[in-house]
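Observations on chain architecture
Okay, here's what each chain looks like letter by letter:
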Amino acid sequence: MAFWGDYHTHSVYSHGIGTVEENVIAARNRGLKAVAITDHGISAYPQNMHPADVDSFLSDVARARELYPDMTILAGVEANLVSSDGELDLTPEIEERLDLVICGYHRVRLPDSLSALMGFWVPNVLPTKNSRARIVKNTDAYIRAMQRYKVSIVAHPLRELICDLKALGQAAAEYGVYIEINSKRCLIDRAGFETLAGTGCRFICDSDAHSPERVGDFSAAVELDKAGFDRSLIANWEAFPELRKK
């Protein structure tokens, strides 16, 4: 039994160190059937894919599909959550061209508008960031992103952005979104897994690789094992996940 695909990897189009093809080769050499290249989300901002590079990125993915027809290769993005309204740094035109949208939060990605900076980013770096009111607003932001975009995965929940796991899991179950078990940094503990599993949502385990050497790292799955849950809750365990189309 094994994982069939790694759905969160980065390339040189953001701040990974491997090319699209190198990530694909790494996945293939590890016996995977699928890999998604999901560079940080698309803006003229440091360590993110630049909008001007989207055509080149998609061409590289298309070329890899021709070279490795035995692999399912997806073009995606780990878009940044940048406002309480659920805004991602992703335009509808580019979203339409991608196979996969991951919603993540990264403190280094500052919002473009002053209102989002003061109303979303700043409160999440203040000492009161773990207040109940802030947790509710952050959770609502994730849920609004699910409603506004074809988000398939919420990346590394609880990393830098505190939220209500029960409400997040309920929304994920409703919209068909997977909660990520992230092998780069998994912050979900036993109680968190129990809360999420109780909502009926499902998980996806990914490497969040920033180098080809880490593609196919599913080590964080042991955290679900420790919590006493079966790996059948993980969508890419012996299966292909169902990704949202709209």
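Quick note: structure is the one above.
Within any chain, residue numbers begin from 1 and follow the written order of that chain's sequence. pLDDT decides what is reported in this predicted model: residues at 70 or higher carry local features, side-chain atom pairs at 80 or more are listed and counted, and totals for whole chains, interfaces and linings draw on all residues regardless. Only hydrogens and water are set aside when side-chain values are computed; all heavy atoms of the structure are taken into account.

**Brief notes about the overall build of the protein chain**
- Scanning the protein chain from terminus to terminus reveals 8 helices and 7 strands.
- Here the globule rule is a power law, 2.2 Å times the number of residues to the power 0.38, and the radius of gyration is based on C-alpha atoms. Scaling as 2.2 N^0.38, a compact globule of 246 residues should have a C-alpha radius of gyration of about 18 Å, and the protein chain matches this with 17 Å.
- Dimensions of the protein chain along its principal axes, counting C-alpha atoms only, are 50 × 45 × 30 Å.
- Burial classes: relative accessible area under 20% of the type maximum marks a residue as buried, over 50% as exposed, and values in between as partly exposed (1.4 Å probe, protein chains only). With 246 residues in all, the protein chain has 54% of them scored as buried.
- For this analysis, residues touch if any pair of their heavy atoms sits within 4.5 Å. Contacts spanning at least 24 positions in sequence make up 73% of the contacts within the protein chain whose residues lie at least 6 apart.
- Where accessible areas are quoted, they stem from the Shrake-Rupley method and a 1.4 Å probe; at the residue level, only the protein chains shown are allowed to cover. Within the structure as shown, the protein chain displays about 10600 Å² of accessible surface, and the carbon and sulfur contribution to it stands at 52%.
- Of the side-chain charges in the protein chain, 27 are positive and 34 negative, and the distance between the mean point of each set is 5 Å. Numbering of helices and strands runs from the N terminus; a helix is a DSSP stretch of H or I covering at least four residues, while a strand is a stretch of E covering at least two. Here Asp and Glu are counted as negative and Lys and Arg as positive; His is not counted, and neither are the chain ends. Lysine's charge is taken at NZ, arginine's at CZ, aspartate's at CG and glutamate's at CD.

**Digging into the pairing of strand β2 (residues 34-40)**
- β2 sits mainly inside the fold: 7 of its 7 residues count as buried.
- As defined by bridge partners, strand β1 (residues 5-9) adjoins β2 across 3 bridges and the pair is classed as parallel. Each residue of the ladder has a partner; that of G5, found in β2, is A34.
- Crossover connection from β1 via helix α1 (residues 20-29) to parallel β2: handedness right-handed.
- Bridge analysis of β2 against strand β3 (residues 72-80) gives 7 bridges, and the strand direction is parallel. Its bridge partner lying in β3, A34 is registered against T72.
- Here, the term right-handed applies to a crossover whose path from the first strand over the helix to the second runs clockwise when the strands point away from the viewer. Traced from β2 through helix α2 (residues 54-67) to β3, the parallel crossover comes out right-handed. Whether two strands pair comes down to DSSP finding at least two bridges between them.

**Things to note about the sheet that holds strand β7 (residues 203-206)**
- Strand order across the open sheet formed by 7 strands is β1-β2-β3-β4-β5-β6-β7, with parallel pairing between neighbours. Looking along the sheet, the strands with just one partner apiece sit at the ends: β1 and β7. The mean angle between the axes of side-by-side strands here comes to 30°, regardless of whether they run parallel or antiparallel.
- Across the face of the sheet, α2 comes into contact with β2 and β3 while running at roughly 155° to β3. Convention adopted: a line fitted to C-alpha atoms gives each axis, helices being fitted over their contacting stretch, and angles between N-to-C directions are expressed from 0 to 180 degrees.

**Let's talk about the packing of helix α5 (residues 132-148) against helix α6 (residues 165-175)**
- One way to put it is that α5 packs onto α6 with a least axis distance of 10 Å and a crossing angle of 5°. With respect to α6, the axis of α5 lies roughly parallel. Note on element contacts: α6 touches α5 through A167, L168, A171, A172 and Y175, opposite T139, Y142, I143, M146 and Q147.
- Residues are grouped as follows: Ala, Val, Leu, Ile, Met, Phe, Trp, Tyr, Cys and Pro are nonpolar; Asp, Glu, Lys and Arg are charged; every other residue, Gly included, is polar. Looking at side-chain class alone, the contact of α5 with α6 contains 8 nonpolar, 2 polar and no charged residues. Any angle that falls under 35 degrees is termed roughly parallel, while one over 145 is termed roughly antiparallel, one within 65 to 115 roughly perpendicular, and all others oblique.

**A word on the state of the cysteines**
- Disulfides are defined as pairs of cysteine sulfur atoms found within 2.5 Å of each other. The tally for this structure, following the rule as stated, stands at 0 disulfides.
- C103 takes part in no disulfide bond, and the closest cysteine sulfur, belonging to C163, lies 10 Å away.
- Judged by relative accessible area, C103 falls into the buried class, the value being 1%.
- Residue C186 stays outside any disulfide, its sulfur separated by 8.0 Å from that of C205, the closest cysteine.
- A residue is classified by how much of its surface remains accessible, and C186, at 25% relative accessible area, is partly exposed.

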